[in-house]
Every structure is written in structure tokens, then in C-alpha cells.
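Listed below are the residues making up each chain.
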Amino acid sequence: DSGSDASLFFKVASGTADENKKAGIVFRDTGTNGVGDLYILNDSATDGANATVADNTKIKITGAGATIYGHQFIEGTDAFLQFHDTGETANAGSGIHTILSADDVLKFMGREDDASAHVDGFSLLRTGSVQFHKNVGIGASPHASRKLVVTSTNTTNANTALYTNAVHTGTGDDSVFSVRSDNSSASGAVVNIHNDGSGTCLNINSNGSGHALIADGFVGIGLTDPNNAFMVGGSTGGDIAVANTDT
């Protein structure tokens, strides 16, 4: 294509005319001492034109790495694509990441060091669903033991918001927001709301006709072990005070 190219073109056609060269390998000079970029060409147009670097490059290899153009297909049983840091070899060393297609699942895996086996990070199922196999951190590094941690330093917007404007009819586990501890031997708290600031700790606002219900169990205010349906206790002042805010 230019005076700075060393080229090898492929032609499968009769005749000696300069045409129908539909594939090629081109090394193009880009600097001193013979350094340059390598191009792999493939022209799919059904005409007599020759493949060119400008229009038909499928792979470009530079000193910094490679770029693949167009659609890429990796086929075969347990086909995989592997990434590793400079100076490391495939299947050895830390910093290795592998994308593996097997059993109709696309797996994204990593490994910590030479002695470690690959571990599944997350999988993309053929249905489009995503399965996370390890802990997830949003806005921060994943926690060592908690499945999901969402961290935010924004001072005005919600850290996490669940919203729906559907005509929702689900109840119980199918509520818009559902938390379930499904082990009769469990003794730990199910929901903990901790507020170190002066803002409202919990605001239940029903703008419609719905009610705030506690289906069963005991409710305690100022107590950690209520043994009746509703108990109020305090170390100072009266236990119960009712204020009328109507004007």
C-alpha cells in the first residue's frame, strides 16, 4: 500500500492481473531500526479489488499489543480466552484471568498465584442471567465474608434504591422487598438498622391505603427481649407519651 510496506498477498484465481488478492499480511514501517505494525487482511467483497490495510484489516499487531476488528468467534469444546500479565506464561503466575465457554455457560475466572487453581468469579448463562460465585463489592472492594457490600460517599442521593411502578400484587416472599431467614435454629438478628447520625433512623410512609403490619412475634421499644405483643420500656422518664400534632 505504500513504500514502507513489506507485503505478502494471497490470490486464488486464474490469470496474472493485479486483482482478486483477497487476503494478505502487511508489515508497515512506523519508526527507526525497522520497527513497525503487522496487519492481517481479509476482504470478503465479491469483486475484483485487492485487500487493503485501510479497508480490510482484521488484526493489527503493534509493539504494545493486538487489536481485532469486526466480529470474533472462538469455537471448540471448552473454548477459552486467557489473559496474563507481562512476563508470565499461560496457566502460571498471579494476575491470570480466563474466560471459558463450557456446558452452555460463559465463565469468568481468576487465580491468585502459581499454586492456586482457577476459581469462578461470575458466570453468564445462555438465558442471559448472571450468577456471581464470590463476594461482590459495589463502590468498594468486596468484603471477606459478606456476599454484597454497597458503599457510597454521596451526601445527597440514596446509596441503594428499590423502585417499581408496576401494579404489584405479590405478598410474602414475593413482596417488592423481601428478607427471609429460613432456619428455625437461627438466633441472629434478621434486619439491623444502625444510625450514628441525627437523621431519621426508619421512616415508614404509606401514601396510599396500605398499612404497616407486623404479622406475628413480639414488638419492643426500648427493650431487647419483649415477651408480650407490644412492650415499651425506658430507663428515664415515662414509658409512654402520646403527642397530638393536629392544629
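Before reading on, note that the structure itself is shown above.
Residues numbered from 1 in each chain as written. Predicted model: local features only at pLDDT ≥ 70, side-chain atom pairs only at ≥ 80, totals over all residues. Heavy atoms only, no water.

**Points about the overall build of the protein chain**
Of the regular secondary structure elements, the protein chain holds 1 helix and 14 strands. Counting across all 247 residues of the protein chain, residues that qualify as buried make up 11%. Put simply, 11% of the contacts in the protein chain that link residues at least 6 apart link residues at least 24 apart. Accessible area for the protein chain stands at about 19,600 Å²; split by element, carbon and sulfur atoms hold 51% of it. (Helix = DSSP H or I, 4+ residues; strand = E, 2+ residues; numbered from the N terminus. Buried < 20%, exposed > 50% of the residue type's maximum accessible area, 1.4 Å probe, protein only. Contact = heavy atoms within 4.5 Å. Areas by Shrake-Rupley, 256 points an atom, 1.4 Å probe, with all protein chains shown as cover.)

**Examining the packing of aromatic side chains**
All chains considered together, the criterion is met by 2 aromatic pairs. Ring geometry for F108 against F122: centres 4.5 Å apart, planes inclined by 10°, an arrangement best described as stacked. Of the two residues, F108 sits in strand β8 (residues 105-110) while F122 sits in strand β9 (residues 119-125), which places them 14 residues apart along the sequence. Residue classification places F108 among the partly exposed positions, given a relative accessible area of 25%. Judged by centre distance (5.8 Å) and plane angle (40°), the rings of F122 and F132 are tilted. Highlighted residues: F122 in strand β9 and F132 in strand β10 (residues 130-132), separated in sequence by 10 residues. Residue class for F132 comes out exposed when judged on its relative accessible area of 53%. Through a chain of ring-to-ring contacts, three or more aromatic side chains come together here, namely F108, F122 and F132. When the ring centre of Y39 is taken as origin, the NZ or CZ atom of R28, which lies over that ring, is 5.8 Å away. (Phe/Tyr/Trp six-rings, centres within 6.5 Å; stacked < 30°, edge-to-face > 60°. Lys NZ or Arg CZ within 6 Å of the ring centre and 35° of its normal.)

**Notes on the environment of G220**
With respect to the element layout, G220 can be found in strand β13 (residues 219-221). Residue classification places G220 among the partly exposed residues on the basis of a relative accessible area of 30%. Along the backbone, G220 and M231 are 11 residues apart, and their C-alpha atoms lie at a distance of 4.9 Å. If near-sequence neighbours (up to four positions away) are discounted, G220 is found in contact with P226 and M231.

**Quick notes on the layout of surface pockets**
Of the voids in this model, the largest pocket is the one considered here, and its volume is about 1,300 Å³. For the largest pocket, the lining is made up of 19 residues, of which F177, V191, L202, I204 and L213 are closest to its centre. By residue class, the composition of the lining of the largest pocket is 11 nonpolar, 7 polar and 1 charged. In this structure, the second largest pocket occupies an estimated 310 Å³ of space. (1 Å grid on protein atoms, 1.4 Å probe; cavity = no way out; pocket = protein on both sides within 12 Å on 5 of 7 lines; lining within 4 Å. Points joined across faces, edges and corners; volume = space filled by probe spheres on them. Nonpolar A, V, L, I, M, F, W, Y, C, P; charged D, E, K, R; others polar.)

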